[in-house]
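# Secondary and tertiary structure notes
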Amino acid sequence: MLAELNELLGAAPERPDAGKFTLLRDTQTDGSFLVHHFLSFYLRAGCKVCFVALLQSFSHYNIVAQKLGVNLAAAKEQGQLVFLEGLQSCLDLLFGEEEQPGQPNPLQFLSGSSPDLRALFDFVRVSLSAAGSWKGPVLLVDDLSVLLSLGAAPVAVLDFIHYCRVCVCCQLKGNIVVLVHSNEDSEDEENELVVNSLCHHSDLILWAEGLATGFCKDVHGQIKIIKRLSLRRAAEQDVVQIYQYKIQDRNVSFFARGLSAAVL
Amino acid sequence: MAAAGGARGRTSFQRRPGAGPRPPALPGTRPALRRGQLLLSSGLPSLDCVLGGGVAVGTLLLIEEDKYGLYSNLLFKYFLAEGIVCGHELFVASAKEHPDNILKELPAPLLDDSHGKELGNEAAAVKSEDLQDSMKIAWRYQNLPKMEVSPTMHTKFGHYYDISKKMSPELCQSVKFHSFYLHEELPFEPKMKTWNMNSGYARLLQSIQRIISQEGFDGSDPQQKQRNVLRIGIQSLGSILWGDDVCCSDTPEDPQSLTKFLYVLRGLLRKSLSACIITMPAHLIQNKAIMERVTNLSDMVVGLESFIGSERETNPLYKDYHGLVHVHQIPRLNSLICDVSDTKDLAFRLKRKQFTIERLHLPPDLSDTVSRASKQDLAGSAKLLSSGCGAMAIGKKHLDF
């Protein structure tokens, strides 16, 4: 959990939000530190987390989470964390035995039998419905752009997110955090379609961008925090805050633009 | 690290006490303790520096080929040659030339280490202060290291190779070698599940998975005492010879085959003690969206841009070099930060015996009149080069000279 980011967002693990859709977006830089932050934040807050990790292995998140003060293996054993390792599911699907009828593989769309992400949604729904003694459920996806690379149509991805929102945010009063990659002059139209659509439906957008002037040792990038107040109440305007950040081994420090520690 | 964890009092990380006998270290590897990774050398010590120490086990190094594929082929051969010298197993896949021919063309290592010793002596001499060549004018630069190589060159982690000589057949035969030549493989067996992927790629994945599980690289055989690393090399993936038309047309038939292949390959690599190098003719891929997705699905992406045939070949600014190196992506695995060198302007040069990647040094501008054209060209290339965290300068308005 990154303490400075909590201050900027006005969030605290003692009172996590309910029913919010947070979009993490990165452009020309690596925004995965935001995923690590939210993972450790919600585990600290005592929420039940379903983590759909499509891009990296469990040990990667585990090692970083230990630096941020959370033990993923223990959380998994206690049932607080349901971890879907996309890479392992994919290998099971392609190289494994015939699946049992009761437990369909969440990544079934890879073998082309069904073009939609229904199996993935069923997995999410089943794992978050049984909340147990934990506080509100949370769905964390890292990252959504990979689904497009694996052959899912953009409409299927948007449908999946819509179904998840209805189930997790509205019915179960939980939160969703999704990471996508985007690029302003990208030629990947399908990806831009998904990202734009998600931007319109999110309550909070954290947009990590690389600096426009290139690489800098002391400032690794710039983060835009957009609180979409106009989504709920029509008369309000979105609040946009811009900060710059530097990533260290166990922490990320945020500061106002132009006021990095190297300059002061 | 255990002490720091205890002081914070929050993490429940417990370091296992070193009670039992430690497993023997894998040959040719070096641990990166801060990230909990095991690093292999890519065969080129200067490339190891650029990549932050080496190629981590379980990761994929993607080389975007230069226009004629000459230099990327060299990097490919260096990687395989390093595997032979370290005693790793090799798996070479190609649709262009037979892997046995690739094996015959590997560069010979400078094993008597005379070259390595020379460099070691030089660095030692520089470190041992003044006396030898004390500089009179530029005395502030006295203590800077002469070459930009990592201090690990004194250990047996990276080796130097002589491109003008071929590796001896005895040395080549000393390691286990698996090959995959697409045109000799059996056609795709229909009883396999429908994979929805280009058949060439599917066969290659099955072959890799079979080798990994049979030879026990995924740790499935606990009886196996001596573990080893598998180095996988795939040549010119995505070219038309693999049966994929990504490189020929703007709207390929099956644009997701390549990305699905990379995803499944990543799954296989993460589960086993292996590392993979892939060369890809990225300059031929018309659909840039596919290249973006490919970059996202690879761990390290290094692009080579050679000066052959371009106007930069005769440009006096680049007279010492044969091309530029663009590092498009370095992963942040097991950590929030990544260990990369700060130099982002890299160029390569091919000397008679060696290939090196160095920081791009521009020669001093000694002309009487400052030429406008060269300055513009420089500003243009400087903007393109300084793309460290992947951020490129948007618009020329930020850098006005």
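See the structure printed just above.
All chains use their own residue numbering, which begins from 1 and follows the written sequence. Each chain takes a letter, starting from A, and each ligand takes a number, starting from 1, following the order in which they are written. Thresholds applied to this predicted model are a pLDDT of at least 70 for local features of residues and 80 or more for the giving and counting of side-chain atom pairs; totals over whole chains, interfaces and linings are not thresholded and use all residues. In computing side-chain values, all of the structure's heavy atoms are included and hydrogens and water are not.

## What about the overall build of chain B?
The criterion, for reference: We count a stretch as a helix when DSSP gives it H or I for four or more residues in a row; a strand needs E for two or more, and each element gets its number in order from the N terminus. Buried, partly exposed and exposed residues are distinguished by accessible area as a fraction of the type maximum, computed with a 1.4 Å probe on protein chains only: under 20%, between the cut-offs, and over 50%, respectively. Every residue pair with non-hydrogen atoms within 4.5 Å of one another is taken to be in contact.
In terms of regular secondary structure, chain B is built from 10 helices and 14 strands. Out of the 401 residues belonging to chain B, those deemed buried represent 49%. Excluding contacts between residues fewer than 6 apart, the proportion of contacts in chain B whose partners are at least 24 apart in sequence is 73%.

## Considerations on the interface of chain A and chain B
Quick note on the threshold: When two components associate, each loses some accessible surface as probed by a 1.4 Å sphere; the sum of these losses over both components is called the buried area. Salt bridge, as used here, is a side-chain nitrogen of Lys or Arg placed within 4 Å of a carboxyl oxygen of Asp or Glu. Classes in brief: Ala, Val, Leu, Ile, Met, Phe, Trp, Tyr, Cys and Pro nonpolar; Asp, Glu, Lys and Arg charged; the others, Gly included, polar.
In this assembly, 58 residues from chain A lie in contact with 48 residues from chain B. For the pair chain A and chain B, the summed buried area comes to about 4,800 Å², and 57% of that belongs to carbon and sulfur atoms. Considering only the surface of chain A that becomes buried against chain B, Phe95(A), Ser149(A) and Phe215(A) emerge as the three largest contributors, covering 14% of it. Run the count over chain A and chain B and you get four salt bridges. Note that Asp188(A) is salt-bridged to Arg293(B), the shortest N-O span being 2.9 Å. No other element matches the eight residues that helix α5 (residues 86–95) of chain A contributes to the side of chain A that touches chain B. Here the residues of the side of chain A that touches chain B sort into 20 nonpolar, 26 polar and 12 charged.

## Quick notes on the pattern of salt bridges
All names here are of chain A. With the rule as written, the count across this model stands at 21 salt bridges over all chains. Measuring nitrogen to oxygen at the nearest pair gives 3.9 Å for the salt bridge that ties aspartate 218 to lysine 246. Of this pair, aspartate 218 sits in the loop between β6 (204–209) and β7 (221–227) while lysine 246 sits in strand β8 (residues 239–247); the two residues are 28 residues apart in sequence, bridging distant segments of the chain.

## Observations concerning the state of the cysteines
Heads up, the rule is: Here, the term disulfide refers to a pair of cysteine sulfur atoms separated by no more than 2.5 Å.
Applying the stated criterion across every chain yields a total of zero disulfides over all chains. Note on Cys170(A): no disulfide assigned, nearest cysteine sulfur contributed by Cys169(A) at a separation of 6.2 Å.

## Concerning the side chain of Lys260(B)
We apply this condition: Neither His nor the chain termini are counted; the positive set is Lys and Arg, and the negative set is Asp and Glu.
Structurally, Lys260(B) can be placed in helix α8 (residues 256–270). Asp254(B) provides the closest opposite charge to the buried, salt-bridge-free Lys260(B), at an N-O distance of 5.6 Å.

## Here's the deal with a negative patch on the surface
Condition: Only residues whose relative accessible area exceeds 30% and that take part in no salt bridge are eligible for patches, with like-charged residues grouped when within 9 Å of each other and nonpolar side chains (Val, Leu, Ile, Met, Phe, Trp, Tyr) grouped when within 5 Å. Here the Shrake-Rupley method, with its probe set to 1.4 Å, supplies the accessible areas, and only the displayed protein chains count as covering residues. Note that the charge is assigned to NZ on lysines, CZ on arginines, CG on aspartates and CD on glutamates.
Where like charges cluster on the molecular surface, the negative patch consists of Glu184(A), Asp185(A), Glu187(A), Glu189(A) and Asp250(B). Considering the arrangement of structural elements, one finds Glu187(A) in the loop between β5 (175–182) and α9 (189–201). Relative accessible area serves as the criterion here: at 45%, Glu187(A) is assigned to the partly exposed category.

## A word on helix α8 (residues 154–171) of chain A
Residue and element names in this part refer to chain A. Let me state the cut-off plainly: To estimate the expected span of a helix, count its residues, drop one, and scale the result by 1.5 Å.
End to end, α8 covers 25 Å across 18 residues, agreeing with the expected 26 Å (1.5 Å per residue, within 8%). Pro154, Ala156, Val157, Phe160, Ile161, Cys164, Cys167, Val168 and Cys169 are the residues of α8 that are buried. Summarising the contacts, the buried residues of α8 are in contact with β1 (21–27), α6 (118–129), β4 (135–142), α7 (145–149), β5 and α9. Of the residues flanking the end of α8, it is lysine 173, one or two places downstream, whose phi is positive at about 55°.

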